[in-house]
Amino acid sequence: MTNGYERPASVFDMVGGHEAFTTLVDTFYDGVAQDDYLIAMYPEGHELEGAKHRLQTFLEQYFGGPTTYQEERGHPRLRMRHAPFPVTPKSREHWLKHMRHALDQLNLPPMYDSLMWDYFERAATAMLNTPDEDSDEHRIDPSRRLL
């Protein structure tokens, strides 16, 4: 018996599912790879396949898609995972610039674009852990990976 209520589709589904997130992440990392400042934060340098997989599975899960990230890596713990990296206001701006460009490539309806952009801005701000470029904390632990 049904009460006539149908569960609404997830944001993941509404923005285009796996294909849309593949486009988003590929476009984002194309920008990162060309950004000397930001690519320096990646311990594996220009080898970004692992980072792409982690970001894509995280974002898909966050926006209501498959739970692959949780199954592979457990709870996201984003602040903890980013703690070894000097996330400065400058790196936040670089990250957001590339994510904005990637999101624009999806040509989403304004409601979904705004919803996703709001998350990206809040998440990028939450990752800040180094107040300025001159801090002694501006060191990268090469044994750690983003996401």
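Reading the values: the criteria
- Residues numbered from 1 in each chain as written.
- Predicted model: local features only at pLDDT ≥ 70, side-chain atom pairs only at ≥ 80, totals over all residues.
- Heavy atoms only, no water.
- Core = buried A, V, L, I, M, F, W, Y, C linked by side-chain atoms within 4.5 Å.
- Buried < 20%, exposed > 50% of the residue type's maximum accessible area, 1.4 Å probe, protein only.
- Helix = DSSP H or I, 4+ residues; strand = E, 2+ residues; numbered from the N terminus.
- Contact = heavy atoms within 4.5 Å.
- Salt bridge = Lys/Arg side-chain N within 4 Å of Asp/Glu carboxyl O.
- Phe/Tyr/Trp six-rings, centres within 6.5 Å; stacked < 30°, edge-to-face > 60°.
- Lys NZ or Arg CZ within 6 Å of the ring centre and 35° of its normal.
- Axes fitted to C-alpha atoms, helices over the stretch in contact; angles between N-to-C directions.
- Parallel < 35°, antiparallel > 145°, perpendicular 65-115°, else oblique.
- Left-handed = near helix turned anticlockwise from the far one by under 90°.
- Nonpolar A, V, L, I, M, F, W, Y, C, P; charged D, E, K, R; others polar.
- Expected span 1.5 Å × (residues − 1).

Colleague: Would you explain the nonpolar core in this entry?
Modeller: The nonpolar side chains of a soluble globular protein tend to be buried with one another. Leu 24, Leu 59 and Phe 120 are the most contacted members of the largest nonpolar core, which totals 40 residues. Listed by contribution, the elements that provide at least two residues to this core are helix 1 (11-14), helix 2 (17-33), helix 3 (36-39), helix 4 (49-62), helix 7 (89-105) and helix 8 (110-126). Ranked by the residues each element gives to this core, the list is headed by helix 2, at 8 residues. Those residues within four positions of Phe 120 in sequence are excluded, and the remaining contacts are Leu 24, Leu 59, Phe 63, Trp 95, Leu 96, Met 99 and Leu 103.

Colleague: Looking at this model, I keep getting lost on the pattern of salt bridges. Mind explaining?
Modeller: If the charged atoms of two oppositely charged side chains come close together, the side chains can form a pair. Scanning all chains against the criterion turns up 6 salt bridges. With a closest N to O distance of 2.9 Å, Asp 118 and Arg 122 form a salt bridge. Here Arg 122 and Asp 118 lie together in helix 8, a separation of 4 residues that amounts to about one turn. Look at Arg 122 and you get partly exposed, because its relative accessible area is 46%.

Colleague: Got a minute to help me understand the packing of aromatic side chains in this structure?
Modeller: Any pair of aromatic rings gets described here by the distance separating the centres and the angle formed by the planes. Under the criterion given, the structure shown has 13 aromatic pairs. Ring centres of Phe 12 and Phe 21 lie 5.6 Å apart, and the angle between their planes is 20°; on these two criteria the pair is classed as stacked. Judged on exposure class, the residue Phe 12 and its partner Phe 21 are both buried. Arranged with centres 5.6 Å apart and planes meeting at 75°, the rings of Phe 58 and Tyr 69 form a pair that is edge-to-face. One end of the pair, Phe 58, is in helix 4; the other, Tyr 69, is in helix 5 (residues 68-73), with 11 residues separating them in the sequence. For the residue pair Phe 58 and Tyr 69, the accessibility class agrees, reading buried in each case. Directly above the aromatic system of Trp 117 lies the positively charged group of Arg 100, at a separation of 4.8 Å from the ring centroid.

Colleague: Where do I start with the packing of helix 4 against helix 8 in this structure?
Modeller: Packed helix pairs are specified by the crossing angle of their axes together with the interaxial distance, meaning the distance between the axes. It is at 13 Å that the axes of helix 4 and helix 8 come closest, and there the two elements cross at 120°. Between helix 4 and helix 8, the angle falls in the class oblique. For the pair helix 4 and helix 8, the crossing hand works out as right-handed. Residue-level inspection shows Phe 58, Leu 59 and Tyr 62 of helix 4 in contact with helix 8, the latter providing Tyr 119, Phe 120 and Arg 122.

Colleague: Would you explain the packing of helix 2 against helix 4 in this entry?
Modeller: Put simply, helix 2 and helix 4 touch, their axes get as near as 10 Å, and they point 135° apart. By the angle class used here, helix 2 and helix 4 are oblique. Here the hand of the crossing between helix 2 and helix 4 comes out right-handed. Across from His 18, Phe 21, Thr 22, Leu 24, Val 25, Asp 26, Phe 28 and Tyr 29 in helix 2, the residues of helix 4 making contact are Ala 51, Lys 52, Leu 55, Gln 56, Leu 59 and Glu 60. For the contact of helix 2 with helix 4, the residue count by class is 8 nonpolar, 3 polar and 3 charged.

Colleague: Explain helix 2 here, please?
Modeller: It helps to recall that an α-helix has 3.6 residues per turn; residues three or four apart then point in one direction. Compared with the 24 Å implied by 1.5 Å per residue over 17 residues, the 24 Å span of helix 2 between its first and last C-alpha is a close match. Where helix 2 is buried, its residues touch helix 1, helix 3, helix 4, helix 7 and helix 8.

Colleague: Quick question: what am I supposed to make of unusual backbone geometry here?
Modeller: Trans is the prevailing form of peptide bonds, just as negative phi is the prevailing case for residues other than glycine. In the Ramachandran plot, Arg 77 falls in the positive-phi region, its phi being about 40° despite a non-glycine side chain. With respect to the helices and strands, the residue Arg 77 is situated in the loop between helix 5 and helix 6 (78-82). In this structure, Asn 107 takes a positive phi of about 50° despite not being glycine. Examined against the element boundaries, Asn 107 turns out to sit in the loop between helix 7 and helix 8. The exposed category is assigned to Asn 107, whose relative accessible area is 67%.

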